[in-house]
Amino acid sequence: MQHSIFLCDNDYLNLINHKDVIQRQVDDLESSVGRGVAKSSFFLSDGDPHSCLEKDMGDWFGKECYLAQSGYAANVGLMHAICRPGVNAYVDQFLHMSFYDGLAARHVNVHSNKHKNFAQLEANIRMHGPGVTMVESVYSISGALAPLEQIVRIKKQYSCVLVVDESHSFGVSGSKGYAHMMGLQDRVVFATASLAKAYAIRAGIIFTSNALHVKENSFTYIFSSGLMRNDIVWICAIWEVVKAANDRRRKLLDASHLLRTEVSKVADVIKSKLLFLLLSLAFVPKTKRRWLAFIDISPLMVF
Ligand SMILES: Cc1ncc(COP(=O)(O)O)c(C=O)c1O
């Protein structure tokens, strides 16, 4: 049988058309009084399905949880909440734009290092002092895995706060993401993720020890309407699927491995220690001009 690999979106576990999950949404729409109202999550009460899901997901992850409107909103809101003018923010040059957006609103001192250049990161911290260090577990631009052990060591040595964006690993590197897979979850003060990847919905998430503090200081939480009831029903249902999706995760990595192997026969593939789904290709044409193509792979037909 011939397989195809679908390269055009981030539905890593091929869940967007999951019949049971869709049915849960349909049933809820039919049985409830509607889609709920669009309002700031600031006005949610404890018994609300949104608050209950946050509580359940937080308990499962081992921290408190904040469900945001998107991965972008989660990162922007987190920067609002934890940064004040004059704070040092240490960023990799390939860090996602959402962090820069949140940092700009707080007038922090941003110190950038070249992609994965940890000597430069350390030099920056030595020069400017402790601050907030932000990394992506899997960089969306390069496909590289962050060497979390090394980053945790730096964070500890220089008393920095560590934020890890797990957008491309949450639900993919095991169900709880890369830091959990490495046993380093307790060293990460703030884990964020877009749910538009493995969870196949536009929403975002933050895990931390004090979600209320983040919420109460995040403009995106207070001043923008939160997720709709139907979104919550989807996340609730898909979460159960993602937790049990070891077969899908294995197939995804197999597909990634296959693609990397085949592509590496015709082009240089930037290698990371672990096989991963983001594939970065470095072509070196005869003219010596270098250009990069970045492809998120999401296998469709292999399931
Ligand atoms: C690493 C990373 N963080 C955050 C986001 C933003 O997520 P969302 O699309 O849910 O706003 C993305 C989106 O691609 C991403 O790759």
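Going by the structure above, here's the rest.
Computed from a predicted model, the values in this text were never measured in an experiment.

Each value, and the rule that gives it
- Residues numbered from 1 in each chain as written.
- Predicted model: local features only at pLDDT ≥ 70, side-chain atom pairs only at ≥ 80, totals over all residues.
- Near = placed C-beta within 6 Å.
- Helix = DSSP H or I, 4+ residues; strand = E, 2+ residues; numbered from the N terminus.
- Core = buried A, V, L, I, M, F, W, Y, C linked by C-beta atoms within 7 Å.
- Buried ≥ 20, exposed ≤ 12 C-beta atoms within 10 Å, placed from the backbone.
- Pairing = 2+ DSSP bridges.
- Axes fitted to C-alpha atoms, helices over the stretch in contact; angles between N-to-C directions.
- Contact = placed C-beta atoms within 7 Å.
- Expected span 1.5 Å × (residues − 1).

J.: Got a minute to help me understand the site of the ligand in this structure?
T.: Near the ligand there are 14 residues, and of these Ser70, Gly71, Tyr72, Ser140 and Ser194 occur at the shortest range. Looking at the shell around the ligand element by element, the count peaks at three residues for helix α3 (residues 71-82).

J.: Explain the nonpolar core to me, please; I cannot follow it from the model alone.
T.: Nonpolar side chains in soluble globular proteins tend to be buried together. Within the largest apolar cluster, 70 residues are counted, with the highest numbers of intra-cluster contacts made by Ala68, Leu78, Ile206 and Ile238. With eight residues, the single largest contributor to this core is α3.

J.: Would you mind going over the sheet that holds strand β4 (residues 132-136) with me for this structure?
T.: Two strands in a sheet stick together by hydrogen bonds in their backbones, pointing the same way (parallel) or opposite ways (antiparallel). On the basis of which strands lie adjacent, the open sheet formed by seven strands has the order β1-β7-β6-β5-β4-β2-β3 and mixed pairing. Two strands bound the open sheet, and with one partner strand each, they are β1 (64-68) and β3 (109-113). Along the sheet, successive strands turn relative to each other by an average axial angle of 20°, direction set aside. In terms of strand pairing, strand β2 (residues 88-92) meets β4 through three bridges, oriented parallel. Each bridged residue has a counterpart across the sheet, and for Ala89 the counterpart in β4 is Val132. Most of the contacts of helix α2 (residues 49-61) go to β1, to which it runs at about 135°, and overall it touches β1 and β7 (204-208).

J.: Any chance you could explain helix α10 (residues 229-243) here in plain terms?
T.: Because an α-helix packs 3.6 residues into every turn, residues spaced three or four apart end up facing the same way. Compared with the 21 Å implied by 1.5 Å per residue over 15 residues, the 21 Å span of α10 between its first and last C-alpha is a close match. Looking at α10, one finds that the buried residues are Arg229, Asp231, Ile232, Val233, Trp234, Ile235, Ala237, Ile238 and Val242. Of the surrounding elements, those touching the buried residues of α10 are α1 (19-31) and α2.

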